[in-house]
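Single-letter residue listing:
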Amino acid sequence: MCFPKTGVVLIRNMLLLLACCSVGCEARAAIINLTTSDNYTKLEGANPGDTVIVAPGTYAFRVYLTKQATETNPIVIQAQDPSKPPVWDFGTNLVENAPGSYGAGDRGRGGWQFSGARSYHISGLVFRHCRTASDNSAGIRYYNGTTNLYIKDCLFELNDNGLTGGTQNSQATVEFCEFNSNGNTNASLSSPTHNIYVYGGYLSFRYCYVHDSVQGENFHLRCRNATVEFNWFSRAANYEGDLMTDDDFTGTGPFTQSLTFRGNVLVQNRLPGNHSQLLALYNDAGLTNLTLSIRALYNTFVGGNTNAAFVHVSNADGTKMTAEISDNVISGTKTAVLIENTTAATVSGMNNWLQTNASAGPLTASVRSAAPGFRNPAGQDYTLGPNSICVGAANATVFGLPGREYFLNEVTNSMWRIRAAARSV
């Protein structure tokens, strides 16, 4: 059984409305219908408990949301017809020049901006051509402590960045979304653009299809804590993703940042800008008293034979870093892990599949053969065939055994299904 991103949207919406009535919604809760004849006023005026139903069509005004709802009484903004999603498309117009209520100098940083907002649920929308004169706009930007932001079933494409933001203790959950060809080659190489760029806070990111970043990475994270699981990442322009320094830290620390990276499929660009790494830990701010950590579990890496390190522990400056790398299929490379300063790093892991001539480094109990035994790699089916050496070769003592997996490929995408066997690498 697979679980699609939109197949149960209408039923879910009906259940939400029934549940709301059964617990007694606030008297002011309303159903607000938004059409292309309206402007930003209706959206920005929605209050806790309200549901905004957005009609199909193209919209080109900025949205600035600041209301404080609750988890049990959120502000819901959703497509009227998931099969005909409404599109926020700014065309050739810069976002800062579009109509909108917010007039500050950073008004162009996002087609939709959430500032200090709480408990917004967004679903079924498309964000396209969100660009600004400084080359750092986004489809959605959230910041200033925005929390409980839930984004589902949305498409982000051809923006400077797809999703950006995340400051202080901001928190967002993103599920069943697609990020396609976001990035801007006009942006500075010292401050590049990405499909996803989250500056800090807390992030949960699941069941998404993220591909073909235009300039930088498919995901560039500075989160204090992030869980990225059951997604498909492919063909980043530079390398797939990283965890770097949270720029909201102040004081002397100690500071910690962690990334749980579990059950993802990663297909490397055949000609990446940076062919030395796939996932990186790096203290680019030179922050003292910092520890960066990654737990990479049950992922499938399809390398482009560039010998890119599956995990690069980039700590030549002596930053403390830890990595656990277990039960992954690490194909198309001879380098499972690259550690720059072994005295400042703690790296462990077990039961990864590696090609016969690959270096395991500190990883133990590696499973080796000439090929991992993918069912149909030419058809992007990287599940394991019945004769694969990886079947039953995982170590079940590893914390965080997955009960789900991404389904299916780059055509049938942004879904999950129950994982048949957690014991397979």
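Residues numbered from 1 in each chain as written. Predicted model: local features only at pLDDT ≥ 70, side-chain atom pairs only at ≥ 80, totals over all residues. Heavy atoms only, no water.

**Some points on the pattern of salt bridges**
Side chains that differ in charge, positive against negative, can pair when their charged atoms come close.
Next, step 1: Applying the stated criterion across every chain yields a total of 15 salt bridges.
Next, step 2: Close ionic contact of D106 with R141 constitutes a salt bridge, the shortest N to O distance being 3.0 Å. Taken as a pair, D106 in the loop between β7 (87–89) and β8 (112–115) and R141 in strand β11 (residues 138–143) lie far apart in primary sequence, 35 residues in all.
Next, step 3: One salt bridge connects E405 with R419, and the closest N-O pair in it is separated by 3.7 Å. Taken as a pair, E405 in strand β38 (residues 404–407) and R419 in the segment after β39 (415–418) lie far apart in primary sequence, 14 residues in all.
Next, step 4: Overall, E405 belongs to the buried group, its relative accessible area being 19%.
Next, step 5: Because the salt bridges share partners, they merge into one network encompassing E175, R206, E229 and R262. (Salt bridge = Lys/Arg side-chain N within 4 Å of Asp/Glu carboxyl O. Helix = DSSP H or I, 4+ residues; strand = E, 2+ residues; numbered from the N terminus. Buried < 20%, exposed > 50% of the residue type's maximum accessible area, 1.4 Å probe, protein only.)

**A closer look at the confidence of the model for the chain**
Next, step 1: Averaged over the chain, the pLDDT score is 93; the fraction of residues at 70 or greater is 92%.
Next, step 2: With pLDDT under 50 throughout, residues 8–27 is counted as low confidence; its partners more than four residues away or in other chains account for 13 contacts. (pLDDT = per-residue confidence, 0-100. Contact = heavy atoms within 4.5 Å.)

**A closer look at the sheet that holds strand β22 (residues 232–234)**
Next, step 1: Spatially, β4-β7-β10-β13-β16-β19-β22-β25-β28-β31-β34-β35 is the arrangement adopted by the 12 strands of the open sheet, whose pairing is parallel. For this open sheet the edge positions go to β4 (58–59) and β35 (367–369), each flanked by a neighbour on one side alone.
Next, step 2: When strand β34 (residues 353–355) meets β35, the two strands line up parallel, connected through three bridges. Residue Q355 lies in a different strand from β35, and its bridge partner there is S369. (Pairing = 2+ DSSP bridges.)

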